[in-house]
Amino acid sequence: MIYKNDDNYVRPLDVMIEEIFDPASNDFFAHGDAVRFLLLSDDDKVIGRTGVFINEKKAYGYKQPTGGMGFFECVNDKAAAFMLFDAARDWLSERGMEAMDGPINFGENDTFWGLLVDGFTSPAFGVQYNPPYYKDFFEEYGFASYFEQVTNHLDLQKPFPERFWKIAGWVGRKPGYEFKHFQWDKSEEFIKDFIEIYNDAWQFHENFTPMKAETLRNSLKEAKDFMDEELIWFAYHEGTPIGFFVQFPDVNQIIKHFHGKMNVWNKLKFVYLKWRKVMTRTRVVIMGIRPRWQRNGIESGIFWHLRNAVSKKPWLREMELSWVGDFNPKMRALHESVGADFGKKHITYRFIFDEEKRKEGQHAASIPNDTKGKVKS
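Computed from a prediction, not measured in an experiment: that's the story for all the values here.

Caption draft 1: Inspection of the overall build of the chain at higher detail. From N to C terminus, the chain includes 12 helices and 12 strands. Here the chain has a C-alpha radius of gyration of 21 Å; the compact-globule value for 377 residues is 21 Å, and the two agree. By its C-alpha atoms, the chain is 70 × 50 × 35 Å across when sized along the principal axes. Buried residues in the chain amount to 53% of all 377 residues. In the chain, of all internal contacts separated by at least 6 residues, the share reaching a separation of at least 24 is 77%. As displayed, the chain has an accessible area near 18400 Å², and 50% of this comes from carbon and sulfur atoms. If the 51 positive side-chain charges of the chain are averaged to one point and the 55 negative ones to another, these points end up 6 Å apart.

Here it is in structure tokens:
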């Protein structure tokens, strides 16, 4: 009903959403809880929904205990939207929360995170898409921007700036440095390396929580059918894992034809469309360099090796770099250095329940420009 005439909308697979709210599938239930609400009209038609959740590993790391809400959908009716927000607030308040972030995911922030407010084009896999009128709902209710998330697009048919390639080639050939792409038969080694890099590189992010191997292992299993080993790269210095670059072909270019269903016929269609190379876009979901090796051009070295892999796949035309928060100036600068163009903007909102505290406002803490000096050798 909401997206009936919206050609850009891609319905997520039903099974993917169900797994988020299934304790047997989502390991976040081991340290949290979630509930879903449906809003019915007077004639018993569904006119809205939302999910509400508490991640206990994150909730108590802010100025006030903070839960989350997401998977919000509603007809263009402010009263209906406010009823869903009220239900979310009340459920969280009853469990000791004093604020809620939204719309977010009950899981890692690489999927369904933030409200789309600019760039209403067809979304990549896992990227939040919604009608423009949701922004007014959130802001009129009292939600305020906690951080902005920018997604940039890189045209793979256009050459990178020559200066970038000079630096990249120099780093890519430096003695002691090694670059490897992911291999499924060595997946456990790469999982171990990923966690070592992630837990070091993300330690200065606000309310940091270490990555669990099982969470990463499950994510890789879910992506196995459409991922490409040569599009995921790791950097090493004298055998020590120091950085990674993770991207996937945009499977939304296939599942947009499935209307949320993964039945036998659609599984066959998936194989056929993958063979036809209809996935012409990739989505970069995460990249990071350990603080000790930052400002050494490691990202450029990864791109230098990645270039050869991409050149063998001429059907790939676009790389979506999503997303980078306004709290991460270093990554924003990297996007600019490779010549990426603006694609989309999302906002993660926060609603503080106490009206007086709400007036004070809050914003996510920025990551220091130089974390290298904060790390002990």
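Caption draft 2: View of unusual backbone geometry. Here the residue pair Gly 102 and Pro 103 is connected by a cis peptide bond, since its omega of -10° sits within 30 degrees of zero. Following the sequence through the fold, Pro 103 ends up in the loop between β4 (99-102) and β5 (115-118). The step from Ser 322 to Trp 323 runs through a cis peptide bond, and the omega angle for that step is -20°. When you line up the elements, Trp 323 lands in strand β11 (residues 318-325). Its identity is not glycine, yet Phe 71 carries a phi of approximately 55°, on the positive side. Locating Phe 71 in the fold gives a position in strand β3 (residues 66-74). Taking relative accessible area as the criterion, Phe 71 reaches 10% and is therefore assigned buried. With a phi angle near 50°, Glu 238 is a residue other than glycine that sits in the positive phi range. Counting through the fold element by element, Glu 238 comes out in the loop between β8 (233-237) and β9 (240-249).

Caption draft 3: Focus on helix α7 (residues 213-223). If you check which residues of α7 are buried, you get Thr 215, Leu 216, Leu 220 and Ala 223. With its buried residues spanning 130° around the axis, α7 presents them on a single face. Those residues of α7 that are exposed and aimed more than 90 degrees away from the buried face are Lys 221 and Glu 222. Check the buried side of α7 and you find it contacts α6 (187-201) and β9.

Caption draft 4: Broad picture of the packing of helix α3 (residues 78-94) against helix α4 (residues 134-141). Interaxial distance between α3 and α4 falls to 10 Å at its minimum, and their mutual angle equals 55°. In this view, α3 runs oblique relative to α4, as classed from their interaxial angle. For the crossing formed where α3 meets α4, the hand is right-handed. In contact with Lys 78, Ala 81, Phe 82, Phe 85, Asp 86 and Arg 89 of α3, α4 contributes Phe 137, Phe 138, Glu 140 and Tyr 141.

Caption draft 5: Region of the structure containing the pattern of salt bridges. Applying the stated criterion across every chain, the model contains 21 salt bridges. Of the charged contacts in the structure, one is a salt bridge between Lys 312 and Glu 230, with a shortest N-O distance of 3.2 Å. Highlighted residues: Lys 312 in the loop between α10 (298-311) and β11 and Glu 230 in the loop between α7 and β8, separated in sequence by 82 residues. The partner of Glu 320 in a salt bridge is Arg 281, and the shortest N-O contact between them spans 4.0 Å. With Glu 320 in strand β11 and Arg 281 in strand β10 (residues 281-289), the pair connects residues that are 39 residues apart, well separated along the chain. A relative accessible area of 9% means that Arg 281 is categorised as buried. One salt-bridge network, held together by shared partners, links Asp 228, Glu 230, Lys 312 and Lys 313.

Caption draft 6: Spatial organisation of the packing of aromatic side chains. The tally for this structure, following the rule as stated, stands at 42 aromatic pairs. Relative to Tyr 134, the ring of Phe 72 has its centre 5.1 Å away and its plane inclined at 75°; by these criteria the two rings are edge-to-face. Residue Phe 72 is located in strand β3, and its partner Tyr 134 is located in helix α4; the two are separated by 62 residues in the primary sequence. For the pair shown, Phe 72 and Tyr 134 are each scored as buried. Their ring planes at 70° and their centres at 5.4 Å tell us that Tyr 133 and Phe 137 sit as a pair that is edge-to-face. Within the aromatic cluster, the residues linked to one another by ring pairs are Phe 72, Phe 82, Phe 85, Tyr 133, Tyr 134, Phe 137, Phe 138, Tyr 141, Phe 143, Tyr 349, Phe 351 and Phe 353. Seen from the ring of Trp 315, Lys 277 lies directly overhead, with NZ or CZ sitting 4.9 Å from the centre.

Analysis parameters
- The residue count restarts for each chain, going from 1 along the sequence in the order it is written.
- Predicted model: local features are reported for residues with pLDDT of at least 70 only, side-chain atom pairs are reported and counted for 80 or more only, and whole-chain, interface and lining totals are derived from all residues.
- As a rule here, side-chain values come from all non-hydrogen atoms in the structure, and water together with hydrogens is ignored.
- A helix here means a DSSP run of H or I that spans at least four residues, while a strand means a run of E at least two residues long, and both kinds are numbered starting from the N terminus.
- Both definitions apply: the radius of gyration is a C-alpha atom measure, and the globule rule equals 2.2 Å times residues to the power 0.38.
- Relative accessibility thresholds used throughout: buried, under 20% of the residue-type maximum; exposed, over 50%; partly exposed, between the two (1.4 Å probe, protein chains only).
- When checking whether two residues touch, look at their non-hydrogen atoms; a contact exists if any pair is within 4.5 Å.
- Throughout, the Shrake-Rupley method with a 1.4 Å probe supplies accessible areas, and for residues the shown protein chains are the sole cover considered.
- We treat Lys and Arg as the positive residues and Asp and Glu as the negative residues; His and chain ends play no part in the count.
- Working definition for charges: the position is that of NZ of Lys, CZ of Arg, CG of Asp or CD of Glu.
- As used here, the arc is the angular range of directions from the helix axis to the C-beta atoms.
- For helices, the axis comes from a line fit to the C-alpha atoms of the stretch in contact; other axes are also lines fit to C-alpha atoms, and the angle between any two N-to-C directions lies between 0 and 180 degrees.
- In these notes the angle categories are as follows: under 35 degrees is roughly parallel, over 145 is roughly antiparallel, 65 to 115 is roughly perpendicular, and the rest is oblique.
- By the definition used in this description, the sense in which the near helix is turned from the far one sets the handedness, with an anticlockwise turn below a right angle giving left-handed and a clockwise turn giving right-handed.
- Salt bridges are defined as contacts in which a side-chain nitrogen from Lys or Arg sits within 4 Å of a carboxyl oxygen from Asp or Glu.
- Whether two aromatic rings pair depends on their centres lying within 6.5 Å, for rings of Phe, Tyr and Trp, where Trp uses its six-membered ring; planes under 30 degrees apart make the pair stacked, over 60 edge-to-face, and the rest tilted.
- Think of it as a cone above the ring: NZ of Lys or CZ of Arg counts as a charge over the ring if it is within 6 Å of the ring centre and within 35 degrees of the ring normal.

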